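Each chain, written out:
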Amino acid sequence: MLVKRLMSLLLFAALMWAPAGPVMAGPRVSIVVKTILASQGSKFIDPNLSAVIKELQSVFRYSSYRLLNQNSMNLGMGEKGTVLLPGNRVLRIMLLGIAGKRVQLRLAIFKKKKKIFQTVTQLLNKNSIIVGGPRHRGGYLLFNIFTSF
Amino acid sequence: MKKTSHQCNTDLLNRFFDHELDPDEQARFSRHVKECPSCQEALKDNQSISDLFKACVDEKIFRADLDNLEEGVLDLIGQKKYSLWLRLKDLFRPRKFLIPAAAIITMLVLSFSIIRQHGPIPGPSAIINSFEGNGSYVMLLETPKSHQTVIWFNETF
């Protein structure tokens, strides 16, 4: 009796801990956009960005990383989402499709209604892409775009 | 009486009796025995004991029912030849074995789940299919550890 109970408990634990497979993934994609200001000067890393910045510091040499804004959206196929960025800029994200473990997105940045940047990217599920370069208040803007589905 | 190096050595005497000495030693000790009454006496004792033992064994063998003995041995062997199923049943009979087995299976399932969840990222986090911009340059970078893709563009507008 005790053995049966223990085995049932272990089986239940295994089933609970096993991650859900891609079969359970829905057609909608959750997207989080973090707008970061990277600059030189006083050393500061936003506590909410520690995981992102730890990796970025291997390619960038900025001393300060501040989270300016964070936006979330949930897009279906062909849907568009918009994020207001500092300096009269707008980021528009369109979900083009899902292929395997990657989601295809069109990212476009507008400044004063003029498109200054556009890319089509295949982003790995539960991963992010960073778009950077626009100047802002003595530093540079970085946009960390994270997707999960 | 002539003294020899083999005088009344019990160990040598026993080995002589059992014909375990090498030929030269056997000959030398034989010469000693011919001249040594105590060794002769000891050899006689050994011989009598040996004869008695041999007689007992012969008598037992003579009286033994070998056919019956053979049947008994074959019966014992037959009892050991039980089926594979019974052997497996015997293997699983001590149920203490089941708990560690279940624990090992669970650990393996969890390990594969963790490996599947946190395994290495297959390639860069993002593949860039196309790019358009009005900047003077664009850089594509990849972080060394998690292979996060970075697009850096120069905004001129």
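Keep in mind it's a predicted model, so treat the numbers as computed, not measured. (Residues numbered from 1 in each chain as written. Chains lettered and ligands numbered in written order. Predicted model: local features only at pLDDT ≥ 70, side-chain atom pairs only at ≥ 80, totals over all residues. Heavy atoms only, no water.)

**Focus on the overall build of chain B**
For chain B, the count of helices and strands is 6 helices and 3 strands. In sequence order, chain B lays out its α and β elements as α-α-α-α-α-α-β-β-β. Of all 157 residues assigned to chain B, the portion counted as buried reaches 19%. Counting only contacts in chain B whose residues sit at least 6 apart along the sequence, the fraction spanning at least 24 positions is 29%. For chain B, the exposed area adds up to about 12100 Å²; of that, 61% sits on carbon and sulfur atoms. (Helix = DSSP H or I, 4+ residues; strand = E, 2+ residues; numbered from the N terminus. Buried < 20%, exposed > 50% of the residue type's maximum accessible area, 1.4 Å probe, protein only. Contact = heavy atoms within 4.5 Å. Areas by Shrake-Rupley, 256 points an atom, 1.4 Å probe, with all protein chains shown as cover.)

**Observations concerning the packing of aromatic side chains**
All names here are of chain A. By the definition in use, this model includes 9 aromatic pairs over all chains. With a centroid separation of 6.4 Å and 80° between ring planes, the pair formed by Tyr62 and Tyr65 is classed as edge-to-face. As far as burial versus exposure is concerned, Tyr62 and Tyr65 are alike and both buried. Where Tyr62 meets Tyr140, the ring centres are 5.9 Å apart and the plane angle is 45°; that geometry is what we call tilted. Of the two residues, Tyr62 is situated in the loop between α2 (50-56) and β3 (64-75) and Tyr140 in strand β9 (residues 139-148); the sequence distance between them amounts to 78 residues. We classify Tyr62 as buried; its relative accessible area is 17%. (Phe/Tyr/Trp six-rings, centres within 6.5 Å; stacked < 30°, edge-to-face > 60°.)

**A few points about a nonpolar patch on the surface**
Together, Leu66(B), Leu69(B), Val73(B), Leu74(B) and Ile77(B) make up a nonpolar patch on the protein surface, roughly 470 Å² of accessible area in all. With respect to the element layout, Val73(B) can be found in helix α4 (residues 66-80). (Patch = residues over 30% accessible without salt bridge, like charges linked within 9 Å, V, L, I, M, F, W, Y side chains within 5 Å. Salt bridge = Lys/Arg side-chain N within 4 Å of Asp/Glu carboxyl O.)

**Some thoughts on the pattern of salt bridges**
Counted by the stated rule, this structure contains 4 salt bridges over all chains. Salt bridges linked by common partners bring Arg89(A), Lys111(A) and Glu155(B) together as one network.

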